[in-house]
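A closer look at the structure
Single-letter residue listing:
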Amino acid sequence: QVQLVESGGGLVQAGGSLRLSCKASGGTFSAYAMGWFRQAPGKEREFVAAITRRGTSTSYTDSVKGRFTISRDNNKNTVYLQMNSLKPEDTAAYYCAAEVVYTVQDMSFDDRRYDYWGQGTQVTVSP
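Residues numbered from 1 in each chain as written. Predicted model: local features only at pLDDT ≥ 70, side-chain atom pairs only at ≥ 80, totals over all residues. Heavy atoms only, no water.

**Concerning the overall build of the chain**
For the record, the criterion: To qualify as a helix, a DSSP run of H or I must reach at least 4 residues; to qualify as a strand, a run of E must reach at least 2; elements of each kind are numbered from the N terminus. Every radius of gyration here is taken over C-alpha atoms, with the globule rule written as 2.2 Å times N^0.38, N being the number of residues. Under the scheme applied here, a residue whose accessible area is under 20% of the maximum for its type counts as buried, over 50% as exposed, and between as partly exposed, the area being computed with a 1.4 Å probe on protein chains only. The contact criterion used is simple: two residues touch if any of their non-hydrogen atoms lie within 4.5 Å. Under the convention used here, a 1.4 Å probe and the Shrake-Rupley method define accessible areas, while residue burial counts only the protein chains that appear. Neither His nor the chain ends is counted toward charge; the positive residues are Lys and Arg and the negative residues Asp and Glu. For charged residues, the charge sits on one atom: NZ in Lys, CZ in Arg, CG in Asp, CD in Glu.
The secondary structure content of the chain amounts to 0 helices and 11 strands. Computed over C-alpha atoms, the radius of gyration of the chain comes to 13 Å, within 12% of the 14 Å expected from 2.2 N^0.38 for 127 residues, which places it in the range of a compact globule. With respect to the principal axes defined by its C-alpha atoms, the chain has extents near 40 × 30 × 25 Å. For the chain, buried positions account for 45% of its 127 residues. Residue pairs in contact within the chain that sit at least 24 positions apart in sequence constitute 60% of those at least 6 positions apart. Summed over its atoms, the accessible surface of the chain is roughly 6,500 Å², and 46% of this surface lies on carbon and sulfur atoms. Separation of charge centres in the chain, based on 14 positive and 12 negative side chains, amounts to 6 Å.

**Some remarks on unusual backbone geometry**
One non-glycine residue, Asn77, lies in positive phi territory at about 55°. Positive phi values are uncommon outside glycine, yet Ser85 reaches one of about 50°. Here Ser85 is to be found in the loop between strand E8 (78–83) and strand E9 (92–100).

**Considering the state of the cysteines**
Convention followed: The rule for a disulfide is simple: a pair of cysteine sulfur atoms within 2.5 Å.
Under the counting rule described, the total for this entry stands at 1 disulfide. Residue Cys22 pairs covalently with Cys96 via a disulfide, S to S 1.9 Å. The chirality of the disulfide connecting Cys22 with Cys96 is right-handed, given an S-S dihedral of about 45°. With Cys22 in strand E3 (residues 18–25) and Cys96 in strand E9, this pair connects stretches of sequence that are 74 residues apart. Judged on exposure class, the residue Cys22 and its partner Cys96 are both buried.

**Description of the nonpolar core**
This is how the line gets drawn: Only buried residues count toward a nonpolar core, which is a set of Ala, Val, Leu, Ile, Met, Phe, Trp, Tyr and Cys residues joined through side-chain atoms within 4.5 Å.
In terms of nonpolar packing, the biggest core is built from 30 residues, with Leu4, Met34, Trp36, Val79, Leu81, Met83 and Tyr94 touching the most fellow members. At the level of elements, E3, strand E4 (32–39), strand E5 (46–51), strand E7 (68–73), E8, E9 and strand E11 (121–126) are the ones that each hand at least two residues to this core. With residues near it in sequence (within four places) discarded, Met34 still touches Leu4, Cys22, Phe29, Ala49, Ala50, Ile51, Ile70, Arg72, Val79, Ala97, Ala98 and Tyr114. The next biggest cluster of nonpolar side chains, apart from the first, holds 5 residues, and it includes Phe37, Phe47, Ala97 and Tyr114.

**Description of the sheet that holds E7**
The test is simple: When DSSP finds two or more bridges between two strands, those strands count as paired. Note on method: axes are straight lines fitted to C-alpha atoms, helices fitted across the in-contact stretch only, with angles between N-to-C directions ranging 0 to 180 degrees.
Strand order in the open sheet formed by 4 strands is E1-E3-E8-E7, with antiparallel pairing between adjacent strands. Sheet topology places strand E1 (3–7) and E7 at the edges, where each strand pairs with a single neighbour. Taking the axes of each pair of neighbouring strands and ignoring which way they run, one obtains an average angle of 15° across the sheet. Relative to E8, E7 is paired through 6 bridges, and the arrangement is antiparallel. Residue pairing in the sheet places Arg72 in a bridge with Val79 of E8.

Right, dumping it as structure tokens:
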């Protein structure tokens with residue numbers, strides 16, 4: 001069983017930056033692809049970014065490409081989401097998730113494929 005704990009959320013002005021962290025415990029972190037998702041009030045949860053288990057490949061939703069960067073440190077059992085040039089429409093609860101994968105290139109944008117989830121951290125971007 002893997003436990004995921006996010007941190008780093010907060011209130012920031014438009015154009016600002018935040019760095020989210022998600023620390024994993026209770027499992028073999030390097031066996032999981034990791035993803036970040038977000039959910040705004042009244043909206044469905046949406047994919048933000050994903051990274052393969054060795055960190056060699058990443059994927060982003062179009063709205064954050066060029067602004068957000070996902071990375072991981074397998075020695076620290078932690079995945080990060082660096083968010084730059086934040087916009088009010090980025091306001092949401094952000095969740096990290098772990099997906100059991102069997103090849104080094106696997107990762108998914110489909111939240112149904114993820115096996116473990118954190119409790120979320122709120123990001124609020126003011127105009």
